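Spelled out, the chains give:
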Amino acid sequence: LVMLYPLLWMISASFKPSTDVFSDTGLIPAIWQVHNYSSGWTALSQPFHVYLWNSLVIAFFNVVGNLLSCSMAAYAFARLRFRGRKVFFTAMLGTMLLPGQVVLIPQYVIFAQLGWLNTYLPLTVPAFFATNAFFVFLLVQFMRNLPMELQDAAKIDGAGAFRTYWSVVMPLAAPAMATVAIFTAISSWGDFFGPLLYLTDPKLFTVPLALKEFVSSSGSSSWGPMFAMSVVSLLPVVAFFFIGQKYLVNGIATTGMK
């Protein structure tokens, strides 16, 4: 109930006049303003579906990138034997202890020199290079528990490393892959700092940046429409979670088990 109350309050505030959002503390609005949703949809420089589409594009490419690159890296660490494997794996885990603020300026300088500012490239391209060590570690723990006999059988049948990865390991790792996909989609959808840092064109803004535009620097804000669009922005994430909920639970429950 404690966790759900802010969500219920936000839904209630989305139907209240802006003047009653903070003065009326009840969850049932005294005055119902359904038009907050219609006015919030067109209140900014672009219709709100533009921002929803922008966030969807970024989330899609991040999901695809993390699934491909992190699974390949995890397969190499978990199933292949090569010189320096433990050293590289330890170094990868060490990056999880590195604060993001430490590499923020070097990353920005690199992306600026590449001419990627005010594009989606800084927000999507890194996902295709297995830059998320947590997802790699999650998949490594899952793949280590798969029977080695399956890989040996595939090798006897003439399958190489990539064919074994694609045809044997990937189908068996579906629960862990679904976990990575859900976590990536949710984090990409709610990312505020990345788009704020790299995007300046309002046509490229994502949902979090669009919601920020409802709050003016002078303090006069359209609270009702802003909360209405906040509710709308939650719907894709909630739908995605419920669709993959079974795989998410299975992936977390079985990762690291012997």
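Read on for an overview of the structure. Here the structure is a predicted model, which is why all the values come from computation and not from measurement. (Residues numbered from 1 in each chain as written. Predicted model: local features only at pLDDT ≥ 70, side-chain atom pairs only at ≥ 80, totals over all residues. Heavy atoms only, no water.)

1. Thoughts on the overall build of the protein chain
Thought 1: The secondary structure content of the protein chain amounts to 14 helices and 0 strands.
Thought 2: For the protein chain, the N- to C-terminal ordering of α and β elements is α-α-α-α-α-α-α-α-α-α-α-α-α-α.
Thought 3: Referenced to the eigenvectors of the C-alpha coordinate spread, the extents of the protein chain come out at roughly 70 × 45 × 30 Å.
Thought 4: Long-range pairs, those at least 24 residues apart, make up 71% of the contacts in the protein chain between residues at least 6 apart in sequence.
Thought 5: Total accessible area on the protein chain is roughly 14,500 Å²; 71% of this is exposed by carbon and sulfur atoms.
Thought 6: The distance from the centre of the 13 positive side-chain charges to the centre of the 8 negative ones in the protein chain is 16 Å. (Helix = DSSP H or I, 4+ residues; strand = E, 2+ residues; numbered from the N terminus. Contact = heavy atoms within 4.5 Å. Areas by Shrake-Rupley, 256 points an atom, 1.4 Å probe, with all protein chains shown as cover. Lys, Arg positive; Asp, Glu negative; His and termini not counted. Charge placed at Lys NZ, Arg CZ, Asp CG, Glu CD.)

2. Quick notes on unusual backbone geometry
Negative phi is the rule for most residues except glycine; trans is the rule for most peptide bonds.
Thought 1: One non-glycine residue, Asn 118, lies in positive phi territory at about 65°.
Thought 2: You can see Asn 118 is positioned in the loop between α5 (104-113) and α6 (121-124).

3. With respect to the pattern of salt bridges
Thought 1: In this structure the tally under the stated criterion is 1 salt bridge.
Thought 2: Among the ionic pairs, Glu 213 bridges to Lys 212, the shortest N-O distance being 3.2 Å.
Thought 3: Residue classification places Glu 213 among the partly exposed residues on the basis of a relative accessible area of 38%.
Thought 4: Lys 212 sits in the partly exposed class, given a relative accessible area of 34%. (Salt bridge = Lys/Arg side-chain N within 4 Å of Asp/Glu carboxyl O. Buried < 20%, exposed > 50% of the residue type's maximum accessible area, 1.4 Å probe, protein only.)

4. Describing the packing of aromatic side chains
For any pair of aromatic rings, the description consists of the separation of the ring centres together with the inter-plane angle of the planes.
Thought 1: Counted under the stated rule, the structure contains 20 aromatic pairs.
Thought 2: Judged by centre distance (6.4 Å) and plane angle (40°), the ring pair of Phe 77 and Phe 82 falls under tilted.
Thought 3: A relative accessible area of 11% places Phe 77 in the buried class.
Thought 4: Residue classification places Phe 82 among the partly exposed residues on the basis of a relative accessible area of 34%.
Thought 5: With centroids separated by 6.3 Å and ring planes inclined at 50°, the aromatic side chains of Tyr 165 and Trp 166 adopt a geometry described as tilted.
Thought 6: Taking the relative accessible area as the measure of exposure, Tyr 165 reaches 2% and is therefore buried.
Thought 7: Each residue in the set Trp 9, Phe 22, Trp 223 and Phe 227 is aromatic and connected to the rest through ring pairs, giving one cluster.
Thought 8: Looking at Arg 144, its charged tip hangs above the ring of Phe 89, at a distance of 5.1 Å from the centre. (Phe/Tyr/Trp six-rings, centres within 6.5 Å; stacked < 30°, edge-to-face > 60°. Lys NZ or Arg CZ within 6 Å of the ring centre and 35° of its normal.)

5. A word on the side chain of Ser 14
Thought 1: Along the polypeptide, Ser 14 turns up in the loop between α1 (5-13) and α2 (35-41).
Thought 2: Those residues in contact with Ser 14, other than ones at most four positions away along the chain, are Gln 33, Asn 36, Tyr 37, Gly 224, Phe 227, Ala 228 and Val 231.

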